[in-house]
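Remarks on the overall topology
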Amino acid sequence: MRSCVRSSRYRQGMATKQPRIFAYVDETGDRGLSSKASPVFGMAAVMVDDDGAAELRQVVRDIRELFSVPEGTVMSWKRHVKTHDHRRLAAARLGALTNLRVMYVYCRKADLKRDAFNGDQALFYNFIALKMYKSILWAGRNWAGEGAQLWTRFGHVRRHDHEATKGYILRQVIPDPKVPHHLEKGLRWVSADRYLESQAADLYGGFLKAAIWPDGQFNLTEPAYLLSVWHQIRNSDSCAVPLGIMSSPTNVTVTNEPWFPCPGCPRKETSGSSGASKGRST
Ligand SMILES: [Zn+2]
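Now for a look at the structure at hand. Starting afresh in each chain, residues are numbered from 1 along the sequence in its written order. Where totals are concerned, whole chains, interfaces and linings use all residues; where local detail is concerned, this predicted model gives features only for residues with pLDDT of at least 70, and gives and counts side-chain atom pairs only at 80 or more.

With that out of the way, let us pick up the nonpolar core. A set of buried residues qualifies as a nonpolar core if it consists of Ala, Val, Leu, Ile, Met, Phe, Trp, Tyr and Cys joined through C-beta atoms within 7 Å. Counting other C-beta atoms within 10 Å of a residue's C-beta gives its exposure: the residue is buried at 20 or more, exposed at 12 or fewer, and partly exposed in between, where C-beta atoms are placed from the backbone. Residues Ala 45 and Val 46 are the most contacted members of the largest nonpolar core, which totals 68 residues. Ranked by the residues each element gives to this core, the list is headed by helix H5 (residues 121-144), at 11 residues. Distance between backbone-placed C-beta atoms decides contact: two residues are in contact if it is within 7 Å. Every residue in contact with Val 46, bar those within four places of it in the chain, is listed here: Tyr 24, Leu 100, Val 102, Glu 197, Ala 200, Ala 201 and Tyr 204. Think of it this way: any DSSP run of H or I at least four residues long counts as a helix, any run of E at least two long counts as a strand, and we number them from the N terminus.

Structure, rendered in structure tokens:
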């Protein structure tokens, strides 16, 4: 009896030592496929372990205070991070964090075929979310091994059926032996006010948006914010494409950007391939 209790405690002790990883995802742009929709749609994922989560929350609190975001209000790129100075400061503070990884998936809609996704914006969202989720699972395993425990929290999108998206994703990843879905402990869609970390994901989405979405009076992009957090993007010490940043419809959507910082990038030549399954999966 005594040994049973001891072994049970031992097992619990082992269980609590398994690394816990948390992924927070937010979108940039809208899912629309009509001419009135945003030119890009993408997602940013921020991944942290327990220590990294505490550090990230503190940085979000600090930025909120510096930007005078009222208590109870969700800080967002769109509302509170509008000026160059605000954006530089947010990128510098977040970019200084070390226990954190970032992944991006995005699509430049002008490059899609006319009948892409049959004009179905829910299917388009699902497609991007699936790519994002696979990147998260691979990053979780890469970070903490097969014993990692992962909680993935996508941002809630208004008027979107998240249960249908979850079903779509699970139907794809569960039978796929290349995708370590066993790491997942709680795939959910959450509102933006639930976790401070989701507000960080929103800002990382903003850094991407500024780099790829021509905007403002002169239709310009600004890659400086993205480049100042580039070192946090997965695999950016070798080549961030596609597991750290995946562009759609092809890898060259991102590698041909004038600011793309990967000299001699092997992905520059591989037009026609945008799937992570065609790249490395570890
Ligand atoms: Zn590269």
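The next point concerns the pairing of strand E2 (residues 40-49). The buried count for E2 comes to 9 of 10 residues, which makes it a mostly enclosed element. Sheet analysis places strand E1 (residues 20-28) next to E2, joined by 8 bridges and oriented antiparallel. Residue pairing across strands places Val 25 opposite Ala 45, the latter belonging to E2. Being paired, for any two strands, means DSSP has found at least two bridges between them. Alignment of E2 against strand E3 (residues 100-108), held across 9 bridges, turns out to be antiparallel. Across the sheet, residue Val 40 finds its bridge partner in E3, namely Arg 108.

Expected helix span is taken as 1.5 Å per residue step, with the number of steps being one fewer than the number of residues. When the terminal C-alpha atoms of helix H2 (residues 50-66) are compared, their 25 Å separation across 17 residues agrees well with the 24 Å that a helix rising 1.5 Å per residue should span. Where H2 is concerned, the buried positions are Ala 53, Leu 56, Val 60 and Ile 63. Each buried residue of H2 lies within a common arc of 90 degrees when the element is viewed along its axis, so the set occupies one face. Set apart from the buried face of H2 by more than 90 degrees, the exposed residues are Asp 50, Asp 51, Ala 54, Asp 62, Glu 65 and Leu 66. Where H2 is buried, its residues contact E1, E2, helix H4 (84-95), E3 and helix H7 (196-212). Positioned one or two residues after H2, Ser 68 has a phi angle of 55 degrees, which is positive. In this description, one arc is meant: the one made by directions from the helix axis to the C-beta atoms.

Strand pairing in a sheet is mediated by backbone hydrogen bonds. Such pairs are either parallel or antiparallel. Taking strand neighbours across the sheet as the criterion, the 6 strands line up as E5-E4-E1-E2-E3-E6 in an open arrangement whose pairing is mixed. Both outer strands of the open sheet, strand E5 (188-190) and strand E6 (245-248), are each paired with one neighbouring strand and no more. For this sheet the average axis-to-axis angle between neighbouring strands, irrespective of direction, equals 20 degrees. Where H7 meets the sheet, its contacts fall on E1, E2, E3, strand E4 (149-155) and E5, and the angle it forms with E1 comes to roughly 45 degrees. To define axes, lines are fitted to C-alpha atoms, for helices over the stretch in contact only, and angles between the resulting N-to-C directions are given on a 0 to 180 degree scale.

This next bit is on the packing of H5 against helix H6 (residues 162-173). When two helices pack together, their arrangement is given by the angle between their axes and by how far apart the axes lie. Packing of H5 against H6 brings their axes to within 10 Å, and their N-to-C directions diverge by 50 degrees. As far as their axial angle goes, H6 and H5 are oblique. Crossing geometry of H5 relative to H6 is assigned as right-handed. Between H5 and H6, the residues in contact are Ala 122, Tyr 125, Asn 126, Ala 129, Leu 130, Tyr 133 and Lys 134 and Ala 164, Thr 165, Tyr 168, Ile 169, Gln 172 and Val 173, respectively. Considering only residue class, the contact of H5 with H6 consists of 9 nonpolar, 3 polar and 1 charged. An angle counts as roughly parallel when it lies under 35 degrees, as roughly antiparallel when it exceeds 145, as roughly perpendicular when it falls between 65 and 115, and as oblique in every other case. In this scheme the crossing of two helices becomes right-handed for a clockwise turn of the near helix relative to the far one and left-handed for an anticlockwise turn of less than a right angle. Think of it as three bins: nonpolar holds Ala, Val, Leu, Ile, Met, Phe, Trp, Tyr, Cys and Pro, charged holds Asp, Glu, Lys and Arg, and polar takes everything else, Gly as well.

Relative to each other, H4 and H7 sit at 120 degrees, their axes nearing to 11 Å. The pairing of H4 with H7 is recorded here as oblique in orientation. For H4 against H7, the interelement crossing comes out left-handed. Seen from H4, the contacting residues are Arg 87, Ala 90, Ala 91 and Leu 94; seen from H7, they are Ala 200, Leu 203, Phe 207 and Ala 210. Residues belonging to the contact of H4 with H7 are distributed by class as follows: 7 nonpolar, no polar and 1 charged.

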